[in-house]
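# Summary of the model geometry
Each chain is listed here by its residues.
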Amino acid sequence: QVQLVESGGGLVQPGGSLKLSCSASESTFTFSNMEWYRQLPGKQREWVASLHRDGSGRYANSVKDRFTVSRENTKDVVYLQMDNLQPQDTAVYYCKVADGRGLFWGQGTQVTVSS
């Protein structure tokens, strides 16, 4: 089993920034991709961004140029830096990985963007 723990959510004003963390119970290099998803109120969970093992990132169009994924190798942590946050970014954010053992999700962290 892989344990994932997200943190860093909170309340921020429009235009503000937050940095989410996803701490894994094993090396993040174990997985080809570390992914971030979010679930907006009343909506299905949607993909936000991925960090490939080689360090490259991919982003949903809705967050491109505002969000950045990165990793801290020594701490087995993946980050999601979120800038210029808008009310439509309000959601619970989840970290996800997948390998031969299955899919693993964290418990999520709430991000609320409001004035």
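Every chain's residues receive numbers from 1 upward, in the order its sequence appears when written. For a predicted model such as this one, the threshold for reporting local features is a pLDDT of at least 70, and the threshold for listing and counting side-chain atom pairs is 80 or more; totals across whole chains, interfaces and linings nevertheless cover every residue. Side-chain figures throughout are based on the complete set of non-hydrogen atoms in the structure, without hydrogens or water.

## Looking at the packing of aromatic side chains
Centre distance within 6.5 Å is the pairing criterion for rings of Phe, Tyr and Trp, where only the six-membered ring of Trp is used; planes under 30 degrees apart are then read as stacked, over 60 as edge-to-face, and the remainder as tilted. Across all of its chains, the model carries 2 aromatic pairs by this definition. Ring geometry for Tyr37 against Trp105: centres 5.0 Å apart, planes inclined by 70°, an arrangement best described as edge-to-face. One end of the pair, Tyr37, is in strand 4 (residues 33–39); the other, Trp105, is in strand 10 (residues 102–105), and 68 residues separate them in sequence. Consider the rings of Tyr94 and Trp105, whose centres lie 6.2 Å apart with planes at 90°: the pair is edge-to-face. Residue Tyr94 is found in strand 9 (residues 91–99), and its partner Trp105 is found in strand 10; the two are separated by 11 residues along the sequence. What makes Tyr94 buried here is its relative accessible area of 11%. One aromatic cluster in this structure is built from Tyr37, Tyr94 and Trp105. Geometrically, a lysine NZ or arginine CZ counts as sitting over a ring once it is within 6 Å of the ring centre and also within 35 degrees of the ring normal. Above the face of the Tyr94 ring, Arg45 is positioned so that its terminal group lies 3.6 Å from the ring centre. Over the ring of Trp105 we find Arg45; its NZ or CZ atom is 4.5 Å from the centre of that ring. Each helix is a run of DSSP H or I of at least 4 residues and each strand a run of E of at least 2, with the numbering of both proceeding from the N terminus. Think of it in three bands: with a 1.4 Å probe and only protein chains considered, a residue is buried below 20% of the maximum accessible area for its type, exposed above 50%, and partly exposed in between.

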